[in-house]
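# Tertiary structure, described
The chain contents come next:
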Amino acid sequence: MATSLEELSQRVSAAFADRAKLKDADTVAAVRETLARLDTGELRVAEKGPEGWRVNAWVKEAILLFFAVSEMKVMEVGPFEFYDKVPLKKGLEAAGVRVVPPGTVRYGAFVEKGAVVMPGYVNIGARVGAGTMVDTWATVGSCAQVGRNVHLSGGVGLGGVLEPPTASPVIIEDGAFLGSRSIVVEGVVVEEEAVLGANVVLTASTQIIDVTGPQEVIHKGRVPARSVVIPGMREKQFPAGKYMVPCALIIGQRKASTDQKTSLNAALRDFAVAV
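Residues numbered from 1 in each chain as written. Predicted model: local features only at pLDDT ≥ 70, side-chain atom pairs only at ≥ 80, totals over all residues. Heavy atoms only, no water.

### Brief notes about the environment of Val105
Relative to the elements of secondary structure, Val105 occurs in strand 6 (residues 104-105). According to the relative accessible area criterion, Val105 is buried, its value standing at 5%. Sequence separation between Val105 and Ser9 is 96 residues, and the spatial gap between their C-alpha atoms is 25 Å. Excluding anything up to four places from it in sequence, Val105 contacts Leu88, Lys89, Val99, Val111, Val117 and Val122. (Helix = DSSP H or I, 4+ residues; strand = E, 2+ residues; numbered from the N terminus. Buried < 20%, exposed > 50% of the residue type's maximum accessible area, 1.4 Å probe, protein only. Contact = heavy atoms within 4.5 Å.)

### Looking at the domain arrangement of the chain
In many reports, interface size means the accessible area that the parts give up when they come together. Along its sequence, the chain is organised into domain 1 (1-190) and domain 2 (194-255 + 262-274). A separation of 26 Å is found between the C-alpha centroids of domain 1 and domain 2. Each side of the interface is counted separately: domain 1 has 26 residues, and domain 2 has 23 residues. Viewed at the interface, domain 2 and domain 1 are joined by zero salt bridges. In this assembly, domain 1 and domain 2 are joined by eleven residue pairs in polar contact (both at pLDDT 80 or more). Split into classes, the residues belonging to the side of domain 1 that touches domain 2 amount to twelve nonpolar, ten polar and four charged. (Domains from an automatic or database assignment. Salt bridge = Lys/Arg side-chain N within 4 Å of Asp/Glu carboxyl O. Polar contact = N/O pair within 3.5 Å; in protein donor to acceptor, adjacent residues only side chain to side chain. Nonpolar A, V, L, I, M, F, W, Y, C, P; charged D, E, K, R; others polar.)

### Regarding the side chain of Ser153
With respect to the secondary-structure elements, Ser153 resides in the loop between strand 14 (151-152) and strand 15 (157-158). A polar contact of 2.8 Å, which involves the side chain of Ser153, links it to the backbone oxygen of Leu178. With near-sequence residues (within four places) excluded, Ser153 lies in contact with Asp135, Ala138, Phe177, Leu178, Gly179 and Ser180.

### Things to note about the environment of Lys73
Considering the arrangement of structural elements, one finds Lys73 in strand 3 (residues 73-77). The class for Lys73 is exposed, based on a relative accessible area of 52%. Residues Lys73 and Val86, 13 residues apart in the sequence, show an inter-C-alpha distance of 8.5 Å. In this structure, Lys73 is in contact with Phe82, Tyr83 and Asp84, ignoring residues within four places of it in sequence.

### Re helix 3 (residues 57-69)
The terminal C-alpha atoms of helix 3 lie 19 Å apart, and with 13 residues this matches the ideal 18 Å at 1.5 Å per residue to within 8%. Among the 13 residues of helix 3, eleven are classified as buried, and the element is accordingly described as predominantly covered. Within helix 3, the full set of buried residues consists of Ala57, Trp58, Val59, Lys60, Glu61, Ala62, Ile63, Leu64, Leu65, Phe66 and Val69. Residues of helix 3 that are buried in the fold lie against helix 1 (5-17), helix 2 (25-40) and strand 2 (52-55). (Expected span 1.5 Å × (residues − 1).)

### A closer look at the UniProt feature "domain: Tetrahydrodipicolinate-N-succinyltransferase chain A" (unreviewed entry) in the chain
Those residues carrying the UniProt feature "domain: Tetrahydrodipicolinate-N-succinyltransferase chain A" (unreviewed entry) are residues 8-68 in this numbering. Taken end to end, residues 8-68 comprises 62% helix and 13% strand; its first and last C-alpha atoms sit 17 Å apart. (UniProt positions renumbered as here; feature names shortened; annotations may be inferred.)

### Some details on helix 1
For helix 1, which comprises 13 residues, the first-to-last C-alpha distance of 18 Å matches the rise-based estimate of 18 Å (1.5 Å per residue) to within 8%. Of the positions making up helix 1, those classed as buried are Leu8, Ser9, Val12 and Ala15. Looking straight down helix 1, one finds that the buried residues subtend no more than 135 degrees of arc, so they occupy a single side. In helix 1, the exposed residues that point more than 90 degrees away from the buried face are Glu6 and Ala17. Taken together, the buried residues of helix 1 touch helix 2 and helix 3. (Arc of directions from axis to C-beta.)

### Considerations on the layout of surface pockets
Looking at the largest pocket, its volume works out to about 300 Å³. Mapped by element, the contributors of at least two residues to the lining of the largest pocket are strand 4 (80-84) and strand 6. Secondary structure elements with two or more residues in the lining of the second largest pocket: strand 10 (127-128) and strand 13 (145-146). The residue makeup of the lining of the second largest pocket, split by class, is four nonpolar, three polar and eight charged. (1 Å grid on protein atoms, 1.4 Å probe; cavity = no way out; pocket = protein on both sides within 12 Å on 5 of 7 lines; lining within 4 Å. Points joined across faces, edges and corners; volume = space filled by probe spheres on them.)

### As for the pairing of strand 26 (residues 241-253)
The sheet contact formed by strand 22 (residues 208-210) and strand 26 spans three bridges and is parallel. Along strand 26, the bridge assignment pairs Asp210 with Ile250. Where strand 25 (residues 227-238) and strand 26 come together, twelve bridges link them in antiparallel fashion. Looking across to strand 26, one finds that Gly232 is bridged to Cys247. Counting the residues that bridge the hairpin from strand 25 to strand 26 gives two residues. (Pairing = 2+ DSSP bridges.)

### Here we look at the nonpolar core
Of all hydrophobic cores here, the largest spans 34 residues; its most connected members are Val140, Leu152, Leu158, Ile172, Val184 and Leu202. Shared between two domains, this core holds at least three residues of each, these being domain 1 (1-190) and domain 2 (194-255 + 262-274). Among residues more than four places away in sequence, those in contact with Leu152 are Met133, Val134, Asp135, Ala138, Val140, Val146, Leu158 and Leu178. With 24 residues, the next largest nonpolar core counts Leu8, Ala62, Ile63 and Val69 among its residues. (Core = buried A, V, L, I, M, F, W, Y, C linked by side-chain atoms within 4.5 Å.)

Shown next, in the form of structure tokens:
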């Protein structure tokens, strides 16, 4: 079985370019080993370096190939029945991860010790940091990267992305707070300790407008660190006339008072069973 990352990546990328190579047992083993390392956190889809976030495209290729080499199976968990190619994550107790029924973490996702998943969903390839709360009906899409001490409030939706393999996933950095029913998709980065108000929707093309100064400053695809963001609308001209389109407004910077308002994560942790 392949052991070095270089050998794994070479085998995976070669098979992604030519699916006929999946007939080779060593290639299939390389795909499965990559997923096993992803599941344990040894590998990750994207990682932050001195020049920002970098995507490990070959790891995403391995996820896509894993679907190709896996068979549909019936999985029974108590009274629940599932029928899928990807099993549920195991070893939660040993990992120190709390998952409240019917919360789901899929194999190939990595969740650090001390994280809590309420009845939400963490998809394959995703990563959730220590101390993070995935609240009720929040979804962490495939390959999304969520940092430590993040709070994803009820109904938050983080988009998933597998194709193309080079596409950047949604990234939520350490200490961020996402309000109820907020949505982040298309590789948007929410930087450290930023706060999204309820119902904020961010896509790659959403204008994120800083209105705190004498002139607006527009960002796209990125929420600056410690920004406080609320939903907004702005006028846009179309052939049929002028209409209001959604945007997001940066109305300030996170302060001590904001930190108090976003302490729900700690409050839930105090109220619930220790993890």
